[in-house]
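Structural overview for review
Given next are the chains, with one letter for each unit.
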Amino acid sequence: SETRKKLLKLFAEANGEFISGQKISDQLGCSRTAVWKHIEDLRQEGFEVEAVRRLGYRLKSAPDKVTGNEIQLGLKTKRLGWNVYYEESVPSTQKIAHKLAHDGAEEGTLVIAEEQTAGRGRLDRSWHSPKGTGIWMSLILRPAIPPQQAPQLTLLAAVAVSQGIQEVTGLVPDIKWPNDILLNGKKAVGILTELQADPDQVHAVIVGIGINVNQTREHFPSELASTATSLALEAGKPVNRAQLVQMILSKFETLYDQYLQHGFSPIKLLWEGYAVTIGKEVVARTLSGTVSGVALGITDTGTLKLRTKDGDIHYIYSADIEIKK
Ligand code: BTX
C-alpha cells in the first residue's frame, strides 16, 4: 500500500535511527494505532523493529528475503519496482508476469520469488532456481517500439545487470551474446525476454532475469557444476539480494530512459564494453544450423554479425554461442 511505501521510505531515510511515533503518524497521515499495525506487519515478515517509549521506532535489521517491502526499503527508482508481486515459491515468475501483463499491469511491475520449481530458459530449457539463494524475477515493460526492436532490451537488461553486479560486488562481468552473463567464464546470470505484441506494436515486454547469488558449489546439480557459478562463489562472500535488486532496477531505469529518448546506440556502446564475444572465433548454433566464424560485432538492432572463413557475412538473430579459445 501507499502507506507502507511511505513508512519504508521513512525508515530508509532514518538510517537505523529512531523516528518518533508522532512523526510517523503525521507523515503517513494515519493514527498511532494504524502505525503500530503496520510495524506489526513488518515484524511478521521478519523485520526487526525496536520500539522504545518516547523515542519511537527504529529499524534494526531486515530479513534476507526479496519481498516487496525489502526491495522498496531504500529503492531509488521512479517507476521500476514500485509494484511488486512476491511469492515464496512459484513455478515460474515469467508465467505470472505474462498473466499480470495481459491483465493490464503497469510498466515497472516486478514479479519475484524465493524459489522457482519450473524456471525456464530459452527454447523451454529449464533454469535451476533453488530457494532463497538467487534472484528469480520478471520485469514488465511497456515501451512504444515495434516488436523487431525488442531484442535490444535483452542487451539493455544484460548491461543493467552487469552494472548492478559490478556496483554491489566489485566483480566485473562478461556478457556473452545475447543473454548470458559470465564470471570467470562461468554462467552466473540468464536473461529471457518475451513479448506480448501485434505485428506492428509491442504491448508488453517481459524481461526474465535469473541470477545465481548465494549458491555454494553443493547447490548446483552435477550437470551445471562445471559451467555455472554464483556471485558469492566468485566474490568470496555472501551478497545481499534485495540490495542487488535495487541497484539493478536503478541501473535499468537509467538505461531504459536513455534508450527511450536516444535509441539503442548509447546502450550498444556500454554493451560492447562488457562483451566477450566480439573479435573472437565463435560457433553459433541456431535452429536452422551451425555457423562458425569471427564475431565482428552487433548491429544497431542487436543482431550478431559474423564473418566465416570464406569471408561470408552472416547475421545471427538467435543462437547459442560457443567461444573458441
Ligand atoms: P538459456 O536457455 O540461455 O540457458 C538455459 C541453460 O542454462 C540450461 O539449459 C542449463 O544448461 C543452464 N542453466 C540452468 N540453470 C542454470 C543456473 N541456475 N545457472 C547457470 N546455468 C544454468 C537463460 O536461458 C535464461 C534464464 C532466465 C531465467 C529467469 S529466472 C526468472 C524468470 N522466470 C523464468 O522462468 N525464467 C526467467
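Residues numbered from 1 in each chain as written. Predicted model: local features only at pLDDT ≥ 70, side-chain atom pairs only at ≥ 80, totals over all residues. Heavy atoms only, no water.

**Points about the overall build of the protein chain**
- Across its full length, the protein chain holds 9 helices and 14 strands.
- Taking 325 residues into account, the globule formula puts the C-alpha radius of gyration at 20 Å, and the protein chain, at 21 Å, falls close to it.
- Projected onto its principal axes, the C-alpha positions of the protein chain cover 80 × 45 × 30 Å.
- Counting only residues that meet the buried cut, the protein chain has 50% of its 325 residues in that class.
- Within the protein chain, contacts between residues separated by at least 24 positions form 62% of all contacts whose residues are at least 6 apart in sequence.
- For the protein chain, the accessible surface area stands at approximately 15400 Å², while carbon and sulfur atoms represent 49% of it.
- Charge separation in the protein chain, taken as the distance between the mean sites of 38 positive and 37 negative side-chain charges, equals 3 Å. (Helix = DSSP H or I, 4+ residues; strand = E, 2+ residues; numbered from the N terminus. Rg over C-alpha atoms; globule rule 2.2 N^0.38 Å. Buried < 20%, exposed > 50% of the residue type's maximum accessible area, 1.4 Å probe, protein only. Contact = heavy atoms within 4.5 Å. Areas by Shrake-Rupley, 256 points an atom, 1.4 Å probe, with all protein chains shown as cover. Lys, Arg positive; Asp, Glu negative; His and termini not counted. Charge placed at Lys NZ, Arg CZ, Asp CG, Glu CD.)

**What about the sheet that holds strand β11 (residues 289-298)?**
- Read from one edge of the open sheet, 5 strands run β13-β12-β11-β10-β14, paired in antiparallel fashion. Each edge of the sheet is formed by a strand with only one pairing partner; in this case those strands are β13 (313-316) and β14 (320-323). When strand polarity is set aside, the average angle formed by the axes of neighbouring strands in this sheet is 45 degrees.
- With 4 bridges joining them, strand β12 (residues 304-307) and β13 adopt antiparallel strand pairing. Residue pairing in the sheet places Lys 305 in a bridge with Tyr 315 of β13. (Pairing = 2+ DSSP bridges. Axes fitted to C-alpha atoms, helices over the stretch in contact; angles between N-to-C directions.)

**Observations concerning a nonpolar patch on the surface**
- Together, Leu 296, Ile 313, Tyr 315 and Tyr 317 line one region of the surface with nonpolar side chains, adding up to about 430 Å² of accessible area.
- Relative to the helices and strands, Tyr 315 is located in strand β13.
- With a relative accessible area of 41%, Tyr 315 lands in the partly exposed category. (Patch = residues over 30% accessible without salt bridge, like charges linked within 9 Å, V, L, I, M, F, W, Y side chains within 5 Å. Salt bridge = Lys/Arg side-chain N within 4 Å of Asp/Glu carboxyl O.)

**Here's the deal with unusual backbone geometry**
- Backbone torsion omega between Trp 177 and Pro 178 reads -5 degrees, so that peptide bond is classified as cis.
- Positioned with a positive phi, Asn 15 is a non-glycine residue whose angle comes to about 55 degrees.
- In this structure, Asn 184 takes a positive phi of about 50 degrees despite not being glycine.
- By secondary structure assignment, the location of Asn 184 is in the loop between β7 (180-183) and β8 (186-198).

**So, the sheet that holds strand β6 (residues 174-176)**
- The strand order β3-β4-β5-β9-β8-β7-β6 describes an open sheet built from 7 strands, whose pairing is mixed. Whereas interior strands pair on both sides, the edge strands pair on one side only; in this sheet they are β3 (84-90) and β6. Ignoring strand direction, the axes of neighbouring strands in this sheet form an average angle of 20 degrees.
- Both β7 and β8 contribute to a ladder of 4 bridges, which runs antiparallel.

**Brief notes about the nonpolar core**
- Counting residues in each nonpolar core, the largest one holds 59 residues, and the members touching the most others are Trp 177, Val 189, Val 207, Ile 211, Leu 231, Phe 252 and Trp 271.
- For this core, the leading source of residues is helix α6 (residues 151-169), giving 9 residues.
- Shared between two domains, this core takes at least three residues from each, and those domains are domain 2 (68-274) and domain 3 (281-323).
- Those residues within four positions of Trp 177 in sequence are excluded, and the remaining contacts are Leu 155, Trp 271, Thr 277, Ile 298, Gly 302, Thr 303, Leu 304, Ile 316, Tyr 317, Ser 318, Ala 319 and Ile 321.
- Core analysis: the second largest hydrophobic core is formed by 17 residues, Leu 7, Leu 10, Leu 28 and Leu 59 among them. (Core = buried A, V, L, I, M, F, W, Y, C linked by side-chain atoms within 4.5 Å. Domains from an automatic or database assignment.)

**Quick look at the domain arrangement of the protein chain**
- Partitioning the protein chain into domains gives domain 1 (2-61), domain 2 (68-274) and domain 3 (281-323).
- Between the C-alpha centres of domain 1 and domain 2 there is a distance of 31 Å.
- Listed per partner, the contact involves 9 residues of domain 1 and 6 residues of domain 2.
- Interface area for domain 1 against domain 2, summed over the two sides, is near 660 Å², with a carbon-plus-sulfur share of 65%.
- Contact with domain 2 buries surface across domain 1, with Lys 5, Leu 8 and Phe 47 losing the most and accounting together for 63% of the total.
- Taken together, the connections running from domain 1 to domain 2 amount to 0 salt bridges.
- Remark: the boundary between domain 1 and domain 2 carries 2 residue pairs in polar contact (both at pLDDT 80 or more).
- Classifying every residue of the side of domain 1 that touches domain 2 by side-chain character gives 6 nonpolar, no polar and 3 charged. (Buried area = accessible area lost by both parts, 1.4 Å probe. Polar contact = N/O pair within 3.5 Å; in protein donor to acceptor, adjacent residues only side chain to side chain. Nonpolar A, V, L, I, M, F, W, Y, C, P; charged D, E, K, R; others polar.)

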